[in-house]
Structure formats: C-alpha cells, structure tokens
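# Examination of the molecular architecture
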Amino acid sequence: MISHLMLQDLALVDRITLDFGPGLNVLTGETGAGKSVLVGALSLILGARAQSDVVRTGASEAIVEALFEGLEPPVIARLEELGVSAADGQLLVRRVVSKGGRGRVQLNGQLATVGMLAKVMRGVLDITSQHEHVSLLDPEAHLDALDAFGDLGPNRAEVEGLHGEVRALESKLADRLRDDTEKRLRMETLREAVLEIERATPKVGELEELQSEARRLRHQTDLTLGVQTAETALYSGEGAVVEVVGQVQRTLARLASLDDDLGPMVTTMDAVSAELDDLARGLARYQGRIDPDPARLEAVEDRLQVLKGLARKYGGDIANVLSAYAAMSDELGGLADVEAGSSDLAARLDGQRARLEAAAATLSEGRRGARRALADAIQRELVELSMKKSRVDFRLSPVHPIGPRGAETGELRISPNPGEPLRALRRIASGGEMSRLLLALKNVLADRSQASTYVFDEIDTGIGGAVAEVIGAKLRAVATGTQVIAVTHLPQVAAFADTHFQVEKATVGRRTVTAVTRLAPKEQVAELARMLGGLEITRATRSLAKEMRSRASRWSAIGEVAPVPRLQ
C-alpha cells in the first residue's frame, strides 16, 4: 500500500504531504481545487509520461515522492532484478520533472529510468478514472480479468512460456535456414571448384612441360630449317665441318709420327671428330623427329589454357591449385551434414508447437467455463447498483496463430437497458453506467487483483442519491482487502471514508496554491455538510451530514465486510 505521498512545485502545489491509511481514503474539494493534480502525481509514480508544463511557475523542477509498504513478492523480485534492495518490503519512489524536459527517477535512492519505474510499478497501483482506465476498459486486458477470475494464471503462464519458446525456436530455425542457404551456396561453389580441378587432373610440372612443347610446336618451321642448315654445314654439305676436321685430323696424325709433342693434339682432334659425329647424328635424329602436327599444337594450347585458368583461380601455380583442391575437399566434407541441424530444430519446433496447442486448448476450455460465471458476477453487482435490467456477456473470439495470450481474444459486452444489443464497454455513453460498471468489475475482481492500491478518480460522475450511497458501500467493501484512494464529489461516497482529505485552493500573497488537510471526525462531518449544502450550511444540513456518517459507520468498519445495502 502507499503510505506517504509528497508533492513539491507540481502545478498549483507548493509543497504538500499526504499520509494515507489502510482502507478507504477519500479526497474531496471544490472543482479546480487540485484533486486531479494528486491523481496526476500518482500517474507519474506509475511511470506515466511527464510534461514540462506541470512544473509550478517560477520553479525549475517538480518533485513527487511516494513511499510504499508491504510490497508483494513479484514487486520485490522485479526490484532485485534491477539491483534495488527492498528486503524490508518498502519502496521509496522519487521522480523529478525538470522545466527543461529532462527528469530523474530514483528507486530506494538508486537512479533508474522511467521504463524501469513503469516495470517495477506494474500491479502496485491501479488507477480508474472517468476518462482513463489503466486496465479494465482496454479490451486487451479483459482476458487478464477473465484469467484472474477463473484462477487460470498457471495455465496462462504455461501458454506464455511455451509461446516464447516456440518464437525462439522459430527465430533460431529461420537463422539456421538462412545459414543453411548460405552453406548450400558455398557447397555448390565448392563442388564446382573441386569438380573443375578433378576434371583437369593437373600435375606438378605439367604446366612448364606443356609450355616448352607449345614453343617447339609453334616454331617447327624455323626449327626444321635451322637444324637442316646446321646438319648440312656440319656433316652432309660440301666442305662440311666434319670433312675439314677429318683433313686436320689426318694431317696431325702424320705429323705426330715426326714429333711426339703433337700426340695430345691428335687425341684432342680425335675427340672433336667423335663429338662432331655425335652432334651430326643428333641433328639428323632431331630432324627426323620433327613432324608438323597442327592437331597436337591445338591440344597443347587447349590444355595450357585450362591449367593457366586453374592457376589464376587458385593460387598462381599448379602446386597451389592442388593445395586448394585438398582444402576445398575437406571443407566440403565438413558441410555434408548441413541439413541435420535444421532437421533437429524443426522437429523440436513441431514438438513445442504441439505442446503450445495443447496448453492453449486447456486454457481456452477454462476460459469458456469462467466467462459466464464472470459475466453473471458482474451482473449481480450491477443489480445492486440500480442496473437491474442490464445484461453482461463475455465474448471469446478465436485467433490464429496462437499468441502469448492464448488462442482467443476476449471482450466484455453489456446491454445497460432492455432491448439494447450487447456492446463493447468502450461504447457505453452514459457516465453513470460507466462508473457503476467499473466499480462492479473492481468489486468482482477485488480479491483476485494483484494491485495493492486502487485509485478511483471521480468514477461516480453522473450518479447521485441512493445509487451513490451504494457505491460508497461498495468502495468500502473493496477497501477491506485492498487500499482504496477515491476522489469524489458525492457526500454519500465520502461518508464511508476511513481517512478523509480535503483539497482546497487558497491565495498566499499573490499566488494560488493547493493545500490538503487530513480531516478529524468532526471536520469530516463539516466537509460532508459543505458538500450537501448550498450557499448556506444550516443546522439541518449538518444533522444530515452527521446521519450520513453514522449510517456509513453502521454498514461497515475497517477489517469487516458488512452487507452492501440493496436498492428497493
């Protein structure tokens, strides 16, 4: 519950503090006194967006502080997730709104963001107003109310958890399939490259050999003529080198018989002659091997083109081509099981989807069983609130695919008057009907709500007389289990207050300020008389105010739930 609220330099507020009590806390005052400012301050504590124009004229910043006690375990858990200690079950929220638009948030003295504040405060305060309802007027929240009423929280949590797992697996499978697509493309590239090299079957040294052969084949004519000329000059032509050397050899042999010193020269000439003979025979053999073959040249050129292409692609020479072949073959082998991981994920996803469908079906069955009971309970409350002819229904509409909230959406519908069709809550025009319906919903869900404090901001608009008295009793009944803060213009409602605050607007110097006073019992009666009376408060008005307070006290007391008066 909220035990303390402090406002400073907010709108018309200079500085005020309110110490709330358990049960029903009521704020009353003239229109424009500043009651809405207090509700706005509570909205800021919930994490609502702040406008810089809420800062009081002449001030640089506005401050709102709220102290909460008896925090529920989920709230403490959320605080601990943010690293904020709340071991004593207390939380002090401080929010500063700057004139320049920047602001600060503190949770138990620790800096936080507005988003963190909103997350922490979820379920702590529930604000209901004639124009804004935090939870029950939003069709998306109607399923929350139905699940709470039907004690379907565990089923809902199971569906939410399974849905989250399914979404995670879907995302993971999508990523895997994208990866698999990339891997398949890589595999295709590798297969093409490996097959290209395998078809070519290159060998180390082959490129150099073929380049040499290609040169020879390209220049066969030059080689033939050149070798023929050389052989003729060396051996077979007139005056060939071999003939001249033979003559020199014979001359030296004859002379060596005359001088032994010429013997080595004769030996040398014999060797030269033999070498020339070998050279001549080699030229003859080479000349015999030369056979013009255009087809062979074409084949060699084609083969060179293949090998050079491989070399350009895979590293510059055949040795690098073969290394690249080995590496790509290994990589291709590692990618061969590319679809195995996707298949496993797809199977897991199918299994989780089946579990989600089963859990959603169980939740749907529970909702179908609870929706009529919820509608009947609300209808009974409306009977006590002078809406005897109203009809209430809860419509479930299937959705596909299953979402985190289950396999259907839900919406409360009402027909306030006989002959009128059932309509969505948001389409109800009458303010009084809206107020009573909101209160009926709150009362039905009071013992199932997670909120520790309800704030009702003038939800009794358009209501008066006996219905107003019943609303006061209903608010008191809700307040026996949950702290209630109600802003009202109706003395019939204010009479049920356990703690009563009067909000006034006063002039201090040349400035208008809002002041709040916690009323003592006698002051409560005086405020009720003011709310009842006109320009002049008479003894009869005071007597009626006292009687209203006495009647409210007899109907219920804090900690007890008395029967709510029924309208005849």
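Residues numbered from 1 in each chain as written. Predicted model: local features only at pLDDT ≥ 70, side-chain atom pairs only at ≥ 80, totals over all residues. Heavy atoms only, no water.

### Examining the overall build of the protein chain
The secondary structure content of the protein chain amounts to 17 helices and 15 strands. Against the 2.2 N^0.38 benchmark of 24 Å for 568 residues, the protein chain shows a C-alpha radius of gyration of 50 Å, more extended than a compact globule. Judged by the C-alpha coordinates and their principal axes, the protein chain covers about 175 × 60 × 40 Å. Counting only residues that meet the buried cut, the protein chain has 44% of its 568 residues in that class. (Helix = DSSP H or I, 4+ residues; strand = E, 2+ residues; numbered from the N terminus. Rg over C-alpha atoms; globule rule 2.2 N^0.38 Å. Buried < 20%, exposed > 50% of the residue type's maximum accessible area, 1.4 Å probe, protein only.)

### Notes on the sheet that holds strand S7 (residues 110-112)
Paired through backbone hydrogen bonds, the strands of a sheet run either parallel or antiparallel to each other. Ordered by their spatial adjacency, six strands build an open sheet running S2-S1-S4-S5-S6-S7, and the pairing between neighbours is antiparallel. Across the chains shown, the open sheet's two edge strands, defined by having one partner strand only, are strand S2 (13-19) and S7. With direction set aside, neighbouring strand axes in the sheet form an average angle of 15°. Here strand S1 (residues 2-10) runs beside S2; their pairing, made up of six bridges, is antiparallel. Note on S2: the bridge partner recorded for His 4 is Asp 19. (Pairing = 2+ DSSP bridges. Axes fitted to C-alpha atoms, helices over the stretch in contact; angles between N-to-C directions.)

### Some thoughts on the packing of helix H6 (residues 206-218) against helix H10 (residues 294-314)
Relative to each other, H6 and H10 sit at 145°, their axes nearing to 9 Å. Along this stretch, H6 crosses H10, giving a crossing that reads as left-handed. Between H6, through Glu 206, Leu 207, Leu 210, Gln 211, Glu 213, Ala 214, Leu 217 and Arg 218, and H10, the contact on the second element is made entirely by Arg 296, Leu 297, Val 300, Glu 301, Arg 303, Leu 304, Leu 307 and Lys 308. (Left-handed = near helix turned anticlockwise from the far one by under 90°. Contact = heavy atoms within 4.5 Å.)

### Observations regarding unusual backbone geometry
Excluding glycine, residues mostly carry a negative phi; peptide bonds, for their part, are mostly trans. Pro 401 follows His 400 through a cis peptide bond whose omega is 0°. Structurally, Pro 401 can be placed in strand S9 (residues 391-403). In this structure, Ala 11 takes a positive phi of about 55° despite not being glycine. Inspection of the secondary structure assignment puts Ala 11 in the loop between S1 and S2. Positive phi is not limited to glycine here, since Asp 151 has a value of about 50°.

### As for helix H5 (residues 153-200)
For H5, which comprises 48 residues, the first-to-last C-alpha distance of 69 Å matches the rise-based estimate of 70 Å (1.5 Å per residue) to within 8%. In the stretch just after H5, Thr 201 is the one whose phi turns positive, near 40°. (Expected span 1.5 Å × (residues − 1).)

### Structural notes on the nonpolar core
Judged by nonpolar contacts, the single largest core of 55 residues is most densely connected at Ile 378, Leu 475 and Val 484. Looking at which element gives the most residues to this core, the answer is helix H14 (residues 465-479), with eight residues. Leaving out residues up to four positions away in the same chain, Ile 378 has contacts with Val 392, Leu 412, Leu 437, Ala 440, Leu 441 and Val 444. Leu 38, Ile 45, Val 55 and Val 120 belong to the second-largest nonpolar core, a separate cluster that totals 48 residues. (Core = buried A, V, L, I, M, F, W, Y, C linked by side-chain atoms within 4.5 Å.)

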